[in-house]
Amino acid sequence: RTMSLLSQLEKINLDSVLGESDNARYVTSKILHLVQSQEKTRKEMTSKGSTGIEVILATLEVKSFNLCGYGCICLNILRNFLSPISGGRRASVLVTKGGTQILLQLLSTASKDSPPNEELMVLLHTLLAKIGPKDKKIGMKARINGVLNIPLNLVKQNLQNHRLILPCLQVLRVYSTNSVNAVSLGKNGVVELMFKIIGPFSKKNTSLMKVALDTLAALLKSKTNARRAVDRGYVQVLLTIYVDWHRHDSRHRYMLIRKGVLQCIKSVTNIKLGRKAFIDANGMKILYNTSQECLAVRTLDPLVNTSSLIMRKCFPKNRLPLPTIKSTFHFQLPVIPASGPVAQLYSLPPDVDDVVDESDDNDDTETESEIETENDDDKDQHFKNDDIETDINKLKPRQELGRPIEELKMYEQFFPELSENFQEWDLVSKEPKPFVPDANLSGPIVVPTASEE
């Protein structure tokens with residue numbers, strides 16, 4: 001029955017007036033009912049040799065398509081394919097069939113309506129969020145199709161509509177894994193928008209909070225966005241949010257949200273300004289005290305580990321010897337000159353960091369220079385480094401004797417087996433005799449009996 005309905009839909013796709021065909025709506029509704037009620041139908045449409053996915057995608061590509069009518073039905077069919085059980089494999093199938101490009105084109109078309117259809121936007125962003133992790137180039141495709149800022153604008157305009165902004169945030173999280181997209185979204189105010197969503201402790205919409213934190217952590221990996229967050233004082237805000245959740249989450253039910261806040265702090269402290277802001281906001285003491293309180297609960301080990309990484313990264317660095325209270329051991333120089341850099345080092349007060357952090361002083365032009373070539377991954381797969389030696393004989397180290405051969409000949413008498421020739425010589429011709437096996441030794445070996453002995 002499913003194959004019959006798909007055949008009918010394929011014929012309807014050839015009709016130039018598909019948007020006015022009631023038969024198309026009837027057929028797609030029947031297919032949706034079968035997909036929703038039977039797992040067998042979903043397996044058949046995604047099995048090898050089946051053209052079910054191609055027919056649905058071809059229906060979405062028809063120019064005279066009624067997007068808000070039949071479009072929602074076809075998108076619901078695709079959404080039912082991507083079930084939590086086997087949605088990952090089916091999402092890969094959808095990507096290989098060109099589903100990403102079709103969905104992005106539909107999103108571009110649907111966004112031109114004013115106001116855009118909410119149900120259609122929810123369906124499109126839900127599908128893009130599910131297939132996005134399976135398509136490594138979705139960020140580039142979104143940028144080419146001009147739909148990069150659509151989910152961002154929807155979130156700005158619908159901050160109270162959690163049903164709509166949740167899939168939009170999931171799509172932004174996928175887009176933000178691309179560095180160029182992260183910088184572009186940051187220029188349009190996405191960092192500030194995320195901090196409007198991740199407010200103080202609240203048990204309402206924790207799933208939305210978790211997705212927003214993951215999106216923010218991905219955005220802050222860009223040094224441009226990290227500087228923007230530091231300039232607006234968001235490092236102190238993140239520490240305050242973390243302490244707020246730490247105090248209220250006494251039963252440790254929201255460990256993932258607390259870890260998401262730490263991931264944001266970890267991303268923003270990748271730059272020197274972020275580490276300085278973290279120290280100035282008393283972040284070392286905050287993370288140390290909260291980690292001490294988490295040690296007794298084994299399920300909170302991820303929080304302790306992430307906090308330790310942040311503290312190790314941000315702790316001031318010092319040269320040896322350390323004549324200050326920061327060091328457990330005191331390395332005293334035998335002679336300290338009266339003047340010079342060593343004397344200046346010893347004259348520093350205990351709380352001064354004597355190592356200048358120059359890790360990212362030359363990255364001020366990252367906004368302009370951070371341009372990504374999406375084909376680099378494909379080129380790297382076929383790249384061959386000519387500088388790598390592949391000849392095994394050349395890679396073997398040459399073993400050279402420590403002494404000349406002439407000096408080693410004095411030891412020949414102690415090791416005759418290394419130099420003597422043990423072949424049998426013919427005394428007449430004075431040449432080695434050819435080896436001839438003894439005829440008596442050929443044949444089976446006969447063991448004599450006791451009587452014969």
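Just so you know, these numbers come straight off a predicted model, no measurement behind them.

S.K.: What should I look at first to understand the overall build of the chain in this one?
M.R.: Scanning the chain for helices and strands turns up 25 helices and 2 strands. Looking at the chain residue by residue over its 453 residues, the buried ones come to 41%. Partitioning the contacts of the chain with sequence separation of at least 6, the portion at a separation of at least 24 is 72%. Carbon together with sulfur atoms contributes 53% to the accessible area of the chain, which is approximately 27700 Å² in total.

S.K.: Help me out: how do you make sense of the packing of aromatic side chains in this one?
M.R.: The geometry of an aromatic ring pair comes down to the distance between the two centres and the angle between the two planes. Counting across every chain of the model gives 3 aromatic pairs. When the ring of Phe-201 is compared with that of Trp-245, the centres are 4.6 Å apart and the planes differ by 75°; the resulting orientation is edge-to-face. Pair noted here: Phe-201 is in the loop between helix 13 (190-197) and helix 14 (206-219) and Trp-245 is in helix 16 (residues 234-248), with a separation of 44 residues, a long-range link. Given the relative accessible area of 0%, Trp-245 is considered buried. Arranged with centres 5.7 Å apart and planes meeting at 70°, the rings of Trp-245 and Tyr-254 form a pair that is edge-to-face. One aromatic cluster is present, formed by Phe-201, Trp-245 and Tyr-254 through successive ring pairs.

S.K.: Teacher, can you tell me more about the pattern of salt bridges here?
M.R.: Side-chain pairs of opposite charge can arise whenever the charged atoms involved come near each other. Taken as a whole, this structure holds 10 salt bridges when the rule is applied. Put simply, Glu-119 and Arg-163 hold a salt bridge, and the shortest N to O gap is 2.7 Å. Highlighted residues: Glu-119 in helix 8 (residues 118-131) and Arg-163 in helix 11 (residues 162-175), separated in sequence by 44 residues. Relative accessible area serves as the criterion here: at 33%, Glu-119 is assigned to the partly exposed category. Across the salt bridge formed by Asp-301 and Arg-298, the nearest N and O atoms sit 3.2 Å from each other. Salt bridges here are not isolated pairs; linked through shared partners, they connect Glu-118, Glu-119 and Arg-163.

S.K.: How should I be thinking about helix 14 in this particular structure?
M.R.: Owing to its 3.6 residues per turn, the α-helix aligns residues three or four sequence positions apart on the same side. Given a rise of 1.5 Å per residue, 14 residues ought to cover 20 Å, and the 20 Å separating the end C-alpha atoms of helix 14 matches this to within 8%. The buried count for helix 14 comes to 10 of 14 residues, which makes it a mostly enclosed element. Considered for burial, the residues of helix 14 that qualify are Leu-208, Met-209, Val-211, Ala-212, Leu-213, Thr-215, Leu-216, Ala-217, Ala-218 and Leu-219. Where the residues of helix 14 are buried, they touch helix 11, helix 12 (179-187), helix 13, helix 15 (223-231), helix 16 and helix 17 (255-268).

S.K.: Would you mind showing me how to read the environment of Gly-71 here?
M.R.: As for its position among the elements, Gly-71 is in helix 5 (residues 67-81). Taking relative accessible area as the criterion, Gly-71 reaches 0% and is therefore assigned buried. Note: C-alpha distance between Gly-71 and Leu-106 (35 residues apart in sequence) is 9.2 Å.

S.K.: For this particular structure, what's the right way to read helix 7 (residues 99-110)?
M.R.: With 12 residues, helix 7 ought to run about 16 Å at 1.5 Å a step, and its terminal C-alpha atoms sit 16 Å apart, in line with that. Taking burial as the measure, the 12 residues of helix 7 include 9 buried ones, the bulk of the element. Those residues of helix 7 lying buried are Gly-99, Thr-100, Ile-102, Leu-103, Leu-104, Leu-106, Leu-107, Ser-108 and Ala-110.

S.K.: Help me understand the side chain of Asn-76, please; the structure alone is not making it clear to me.
M.R.: Mapped onto the fold, Asn-76 is located in helix 5. The class for Asn-76 is buried, based on a relative accessible area of 13%. At 2.9 Å, the side chain of Asn-76 and the backbone oxygen of Cys-72 are in polar contact. Once you skip the residues sitting within four places of it in the chain, Asn-76 turns out to touch Leu-32 and Leu-123.

S.K.: Where do I start with the packing of helix 4 (residues 52-61) against helix 7 in this structure?
M.R.: Their axes nearest at 10 Å, the elements helix 4 and helix 7 cross at an angle of 30°. Between helix 4 and helix 7, the interaxial angle falls into the category roughly parallel. Crossing hand, helix 4 versus helix 7: left-handed. Contacts between helix 4 and helix 7 involve Leu-57, Leu-60 and Glu-61 from the former and Gly-99, Ile-102 and Leu-106 from the latter. Partitioned by chemical class, the residues of the contact of helix 4 with helix 7 number 4 nonpolar, 1 polar and 1 charged.

S.K.: Is there a simple way to think about the packing of helix 10 (residues 150-157) against helix 13 in this case?
M.R.: Angle between the axes and distance between the axes: these two values describe a pair of packed helices. Axis separation between helix 10 and helix 13 bottoms out at 11 Å; the angle between their running directions is 40°. Overall, the two elements helix 10 and helix 13 adopt an arrangement that is oblique. Here the hand of the crossing between helix 10 and helix 13 comes out left-handed. Residue-level inspection shows Leu-152, Val-155 and Lys-156 of helix 10 in contact with helix 13, the latter providing Val-190, Leu-193 and Ile-197.

S.K.: Please explain the environment of Lys-156 as it appears in this structure.
M.R.: Positionally, Lys-156 belongs in helix 10. With a relative accessible area of 39%, Lys-156 lands in the partly exposed category. It is 9.6 Å that separates the C-alpha atoms of Lys-156 and Gly-189, two residues lying 33 residues apart in sequence. For Lys-156, the contacting residues outside a window of four places in its chain are Asn-188 and Leu-193. A distance of 2.7 Å separates a polar atom in the side chain of Lys-156 from the backbone oxygen of Asn-188.

S.K.: What exactly am I supposed to notice about unusual backbone geometry here?
M.R.: Glycine aside, residues mostly have negative phi angles, and peptide bonds mostly take the trans form. Residue Pro-115 follows Ser-114 across a cis peptide bond; omega there is -5°. Relative to the elements of secondary structure, Pro-115 occurs in the loop between helix 7 and helix 8. Its identity is not glycine, yet His-252 carries a phi of approximately 60°, on the positive side. Mapped onto the elements of the fold, His-252 is located in the loop between helix 16 and helix 17. Positive phi is not limited to glycine here, since Asn-282 has a value of about 65°. With respect to the helices and strands, the residue Asn-282 is situated in the loop between helix 18 (272-280) and helix 19 (283-294).

About the criteria used
Residues numbered from 1 in each chain as written. Predicted model: local features only at pLDDT ≥ 70, side-chain atom pairs only at ≥ 80, totals over all residues. Heavy atoms only, no water. Helix = DSSP H or I, 4+ residues; strand = E, 2+ residues; numbered from the N terminus. Buried < 20%, exposed > 50% of the residue type's maximum accessible area, 1.4 Å probe, protein only. Contact = heavy atoms within 4.5 Å. Areas by Shrake-Rupley, 256 points an atom, 1.4 Å probe, with all protein chains shown as cover. Phe/Tyr/Trp six-rings, centres within 6.5 Å; stacked < 30°, edge-to-face > 60°. Salt bridge = Lys/Arg side-chain N within 4 Å of Asp/Glu carboxyl O. Expected span 1.5 Å × (residues − 1). Polar contact = N/O pair within 3.5 Å; in protein donor to acceptor, adjacent residues only side chain to side chain. Axes fitted to C-alpha atoms, helices over the stretch in contact; angles between N-to-C directions. Parallel < 35°, antiparallel > 145°, perpendicular 65-115°, else oblique. Left-handed = near helix turned anticlockwise from the far one by under 90°. Nonpolar A, V, L, I, M, F, W, Y, C, P; charged D, E, K, R; others polar.

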